[in-house]
Amino acid sequence: MFHAPVTPTPATAAPTHEPLDRRLVLSGLWTSMLLVFAYVDIFGFFRADVINGALAGEVSGPGFAIDQTFLTLTTLYILIPSLMVAGCLLLPRRPNRLANLTLAPIYALTIVGGMLGETWVYYLIGSCVELVLLVTVVRVAHRWR
């Protein structure tokens, strides 16, 4: 039986880096954005103004009442990027690309709106990271041909 000689690879050879599938990249970006989004909101409960507002049944700052309507709208707001995590993996390329190019800028605008008047550094840092992730979503989706 004939065996071809095995050519050893040099120890100094650079590892190859295969590009990731765009679906995985986009799904990962939405996941990261949601994690930062969630933790920034969770950290808010260490702030007296936020926790006192929640205990009083209103959102501190704008003073929205925390009621059925507010919680329903908040749930719908967070469901869209949450579903984008799966949507990026499951949708065909064209609607996937369109959804990313449409939804990421809309969410970026809402994040910028939430930053207006905010003075807490943790919130501003988290929001900036969310914006960078959403800009990257747009960039990856735009280059997906």
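Residues numbered from 1 in each chain as written. Predicted model: local features only at pLDDT ≥ 70, side-chain atom pairs only at ≥ 80, totals over all residues. Heavy atoms only, no water.

Here we come to the layout of surface pockets. Taken as a whole, the largest pocket holds about 1,200 Å³ of empty space. Every residue lining the largest pocket is counted, 35 residues in all, and those nearest its centre are Phe37, Asp41, Val59, Phe70 and Tyr123. Counting only elements with at least two residues in the lining of the largest pocket, the list comes to helix 1 (22–44), helix 2 (48–55), helix 3 (68–90), helix 4 (93–115) and helix 5 (121–143). Taken together, the residues of the lining of the largest pocket sort by class into 20 nonpolar, 9 polar and 6 charged. (1 Å grid on protein atoms, 1.4 Å probe; cavity = no way out; pocket = protein on both sides within 12 Å on 5 of 7 lines; lining within 4 Å. Points joined across faces, edges and corners; volume = space filled by probe spheres on them. Helix = DSSP H or I, 4+ residues; strand = E, 2+ residues; numbered from the N terminus. Nonpolar A, V, L, I, M, F, W, Y, C, P; charged D, E, K, R; others polar.)

What follows is about the packing of aromatic side chains. This structure, assessed with the given rule, holds 6 aromatic pairs. Measuring from ring centre to ring centre gives 5.9 Å for phenylalanine 37 and tyrosine 77, while their planes differ by 45 degrees; the resulting arrangement is tilted. Of this pair, phenylalanine 37 sits in helix 1 while tyrosine 77 sits in helix 3; the two residues are 40 residues apart in sequence, bridging distant segments of the chain. When its relative accessible area of 17% is taken as the criterion, phenylalanine 37 is described as buried. (Phe/Tyr/Trp six-rings, centres within 6.5 Å; stacked < 30°, edge-to-face > 60°. Buried < 20%, exposed > 50% of the residue type's maximum accessible area, 1.4 Å probe, protein only.)

For the rest of this paragraph, the subject is a nonpolar patch on the surface. Taken together, Leu35, Tyr39, Ile42, Phe43 and Phe46 make up a surface patch of nonpolar side chains, about 570 Å² in accessible area. Its location among the elements puts leucine 35 in helix 1. (Patch = residues over 30% accessible without salt bridge, like charges linked within 9 Å, V, L, I, M, F, W, Y side chains within 5 Å. Areas by Shrake-Rupley, 256 points an atom, 1.4 Å probe, with all protein chains shown as cover. Salt bridge = Lys/Arg side-chain N within 4 Å of Asp/Glu carboxyl O.)

Moving on: the packing of helix 1 against helix 5. Helix 5 packs onto helix 1 with a crossing angle of 165 degrees between their chain directions and a minimal axis gap of 9 Å. Looking at the two axes, helix 1 sits roughly antiparallel to helix 5. For the element pair helix 1 and helix 5, the recorded crossing hand is left-handed. Seen from helix 1, the contacting residues are Arg22, Val25, Leu26, Leu29, Trp30, Ser32, Met33, Val36, Phe37, Val40, Phe43 and Gly44; seen from helix 5, they are Tyr122, Tyr123, Gly126, Val129, Glu130, Leu133, Leu134, Thr136, Val137, Val140, Ala141 and Arg143. Taken together, the residues of the contact of helix 1 with helix 5 sort by class into 17 nonpolar, 4 polar and 3 charged. (Axes fitted to C-alpha atoms, helices over the stretch in contact; angles between N-to-C directions. Parallel < 35°, antiparallel > 145°, perpendicular 65-115°, else oblique. Left-handed = near helix turned anticlockwise from the far one by under 90°. Contact = heavy atoms within 4.5 Å.)

All right, on to the pattern of salt bridges then. The full count for this structure, using the stated rule, is 2 salt bridges. Measuring nitrogen to oxygen at the nearest pair gives 2.9 Å for the salt bridge that ties arginine 47 to aspartate 49. Here glutamate 118 makes a salt bridge to arginine 47, at a shortest N to O gap of 3.3 Å. Here the residue glutamate 118 occupies a position in the loop between helix 4 and helix 5, and arginine 47 occupies one in the loop between helix 1 and helix 2, the gap between them amounting to 71 residues. For arginine 47, a relative accessible area of 9% puts it in the buried group. By sharing partners, the salt bridges in this structure join Arg47, Asp49 and Glu118 into a single network.

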